[in-house]
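# Fold and contact review
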Amino acid sequence: MKSLLATAVVLLLAGCQNVTFYTGGGHVAEEERTALVEGEHNGSWQARDLSVKYHYARKQDQMHIDGTIYFADLLRDNFTLVHDFHLAVILIDAQGKVLGTHGLIGSSRDDLTPLSFKTRVPLPPNTVSMAFSYQGTALGGGDHEGGGSAYFWKYPVR
């Protein structure tokens, strides 16, 4: 009985590792980074599965950021639902080292229409840039039971 319980705990923890992104000691390539400078700024970011139009205001050790996520035609033309979607910002120092991450939005919504977010992000000391990461599952059919599915993600940390 104890070995069965131990096996179940190990499998549960291993399953959790699949959805947890490790950032300690990771680096982000320069082409993936967006500078974070004092004041208010507008920007946009494009990936294969989605694009983000955003506005941020940085003041010393914090940033207020809001924006809208637009799912790409690749997803909208082939799927009808999105499940367990998460968008995060990765906070980076001048050498490209990851200092931390902050979730911007998590959603289990049922369509692929634009999705808005608004939040405050505390910035670790030495933060000079950011990068976006996301993950989600697109589903076909009219509900969560039918049709095909595709896991989509981008995580620029190496």
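Criteria and cut-off values
- Residues numbered from 1 in each chain as written.
- Predicted model: local features only at pLDDT ≥ 70, side-chain atom pairs only at ≥ 80, totals over all residues.
- Heavy atoms only, no water.
- Helix = DSSP H or I, 4+ residues; strand = E, 2+ residues; numbered from the N terminus.
- Buried < 20%, exposed > 50% of the residue type's maximum accessible area, 1.4 Å probe, protein only.
- Contact = heavy atoms within 4.5 Å.
- Pairing = 2+ DSSP bridges.
- Axes fitted to C-alpha atoms, helices over the stretch in contact; angles between N-to-C directions.
- Salt bridge = Lys/Arg side-chain N within 4 Å of Asp/Glu carboxyl O.
- Core = buried A, V, L, I, M, F, W, Y, C linked by side-chain atoms within 4.5 Å.

Turning our attention to the overall build of the protein. Helix and strand counts for the protein stand at 2 helices and 9 strands. For the protein, the sequential pattern of α-helices and β-strands runs α-β-β-β-β-α-β-β-β-β-β. When burial is assessed residue by residue, the protein has 38% of its 158 residues classed as buried. A separation threshold of at least 6 residues defines the contact pool for the protein, and within that pool the share at least 24 residues apart is 63%.

Across the sheet, 4 strands lie side by side as 2-3-4-7; this open sheet has antiparallel pairing. The outermost strands of the open sheet, each flanked by one partner alone, are strand 2 (39-46) and strand 7 (115-122). Averaged over all neighbouring strand pairs, the angle between strand axes comes to 15 degrees, with direction disregarded. Bridge count for strand 4 (residues 62-71) against strand 7 is 8 bridges, and the pairing is antiparallel. Residue pairing in the sheet places Ile 65 in a bridge with Thr 119 of strand 7.

With that out of the way, let us pick up the pattern of salt bridges. Applying the stated criterion across every chain yields a total of 4 salt bridges. Between Lys 154 and Glu 32 there is a salt bridge; the shortest N-O distance is 3.2 Å. In this pair, Lys 154 is assigned in strand 9 (residues 149-154) and Glu 32 in the loop between helix 1 (2-17) and strand 1 (34-35), connecting sequence segments 122 residues apart. Residue classification places Lys 154 among the partly exposed residues on the basis of a relative accessible area of 24%. Notably, a salt bridge pairs Asp 49 with Arg 48, separated by 3.4 Å at the nearest N-O pair. Look at Arg 48 and you get exposed, because its relative accessible area is 63%.

A separate point is the nonpolar core. Most often, soluble globular proteins have nonpolar side chains that are buried together. Among the nonpolar cores identified, the biggest contains 30 residues, and Ile 65, Ile 69, Phe 85 and Leu 87 are the most heavily contacted of them. Of all the elements in the fold, those that place two or more residues in this core are strand 3 (50-59), strand 4, strand 5 (81-92), strand 6 (98-107), strand 7 and strand 8 (129-139). Per-element accounting of this core gives the leading share, 5 residues, to strand 5. If near-sequence neighbours (up to four positions away) are discounted, Ile 65 is found in contact with Tyr 54, His 55, Tyr 56, Leu 104, Phe 117, Lys 118, Thr 119, Val 121, Met 130 and Phe 132. One finds Ile 90, Val 98, Ala 131 and Tyr 155 within the second-largest nonpolar core, a separate group that totals 7 residues.

In this structure, Gln 60 takes a positive phi of about 55 degrees despite not being glycine. With respect to the helices, strands and loops of the structure, Gln 60 is situated in the loop between strand 3 and strand 4. Taking relative accessible area as the criterion, Gln 60 reaches 59% and is therefore assigned exposed.

By the element assignment, Pro 122 lies in strand 7. Between the C-alpha atoms of Pro 122 and Gly 100, which are 22 residues apart in sequence, the distance is 9.9 Å. The residues contacting Pro 122, other than those within four sequence positions of it, are Asp 61, Gln 62, Leu 91 and His 102.

Turning our attention to the environment of Ala 29. One can find Ala 29 in the loop between helix 1 and strand 1. Ala 29 sits in the partly exposed class, given a relative accessible area of 27%. Here the alpha-carbon distance between Ala 29 and Lys 97, two residues 68 residues apart in the chain, equals 9.2 Å.

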